[in-house]
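The chain contents come next:
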Amino acid sequence: MKAWAKDQGVEGSMLTFFADPTSDLTRALDVELKHPGPAQVLGPGRCKRFAMLFDDGVCKAVEISESENDPTGDGNPKNSLAPNMIELAKAL
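Bear in mind the structure is a predicted one, so any value in this text is a computation, not a measurement.

A. Summary view of the overall build of the protein chain. Tallying secondary structure elements over the protein chain gives four helices and two strands in all. Mapped in sequence order, the helices and strands of the protein chain form the string α-α-α-β-β-α. Structurally, the protein chain occupies a C-alpha span of about 35 × 30 × 25 Å along its principal axes. Nonlocal contacts in the protein chain, meaning residues at least 24 apart in sequence, comprise 25% of its contacts between residues at least 6 apart. Counting only carbon and sulfur atoms, one obtains 54% of the accessible surface of the protein chain, whose full area is about 6,900 Å².

Structure follows, in structure tokens:
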């Protein structure tokens, strides 16, 4: 995860990257990608594209980028991208 943070230019910032190699958190948050198309290609236990906004340790928002025709959110990921999350944070 450190290498990914470094590659993305956020190493040492306020962002924290987490790994979920056994999909425990993915299942606990109910964000497992179960659509048969992507699951067949990516394998089971993969996580949907999502972002969570926390304020002082309290989850204030969960945004998932998916639709019926785009279960992975690749075509329209705006819900889970930074601009949307910043707007949600400003509204707190």
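Additional details are given in the paragraphs that follow.
B. Main features of the pairing of strand β2 (residues 58-64). As paired elements, strand β1 (residues 50-55) and β2 share six bridges and run antiparallel to each other. Each bridged residue has a counterpart across the sheet, and for Met52 the counterpart in β2 is Val62. The antiparallel hairpin formed by β1 and β2 contains two residues in its connecting segment, where Asp56 sits at a positive phi of about 55°.

C. Fine view of the side chain of Lys48. For Lys48, the position within the fold is in the loop between α3 (36-42) and β1. With relative accessibility at 17%, the residue Lys48 sits in the buried group. At a separation of 3.4 Å, a polar atom in the side chain of Lys48 contacts the side chain of Glu66. Not counting chain neighbours up to four residues away, the residues in contact with Lys48 comprise Val31, Glu32, Leu33, Ile64 and Glu66.

D. Local environment of the state of the cysteines. A complete count under the given rule lists zero disulfides for this structure. As a non-bridged cysteine, Cys47 has Cys59 as the owner of its nearest cysteine sulfur, 13 Å distant. Residue classification places Cys47 among the partly exposed residues on the basis of a relative accessible area of 35%. By relative accessible area, Cys59 is classed as partly exposed at 34%.

E. Representation of the environment of Phe50 within the structure. Structurally, Phe50 is set in strand β1. In this structure the C-alpha to C-alpha distance between Phe50 and Ser80, which are 30 residues apart in sequence, comes to 5.1 Å. Those residues within four positions of Phe50 in sequence are excluded, and the remaining contacts are Leu29, Val31, Val62, Glu63, Ile64 and Ser80.

F. Local environment of the pattern of salt bridges. In the structure shown here, the tally under the stated rule is four salt bridges. The salt bridge involving Asp24 is made with Arg27; its shortest N-O contact spans 3.2 Å. Of this pair, Asp24 and Arg27 are both found in helix α2 (residues 24-28), three residues apart, which corresponds to roughly one turn of the helix. Arg49 serves as the salt-bridge partner of Asp74, at 2.2 Å between the closest nitrogen and oxygen. Separated by 25 residues along the polypeptide, Asp74 in the loop between β2 and α4 (82-90) and Arg49 in the loop between α3 and β1 bring together distant segments of the chain.

Rules of the game
Residues numbered from 1 in each chain as written. Predicted model: local features only at pLDDT ≥ 70, side-chain atom pairs only at ≥ 80, totals over all residues. Heavy atoms only, no water. Helix = DSSP H or I, 4+ residues; strand = E, 2+ residues; numbered from the N terminus. Contact = heavy atoms within 4.5 Å. Areas by Shrake-Rupley, 256 points an atom, 1.4 Å probe, with all protein chains shown as cover. Pairing = 2+ DSSP bridges. Buried < 20%, exposed > 50% of the residue type's maximum accessible area, 1.4 Å probe, protein only. Polar contact = N/O pair within 3.5 Å; in protein donor to acceptor, adjacent residues only side chain to side chain. Disulfide = S-S within 2.5 Å. Salt bridge = Lys/Arg side-chain N within 4 Å of Asp/Glu carboxyl O.

Geometric values such as these leave the question of function open.
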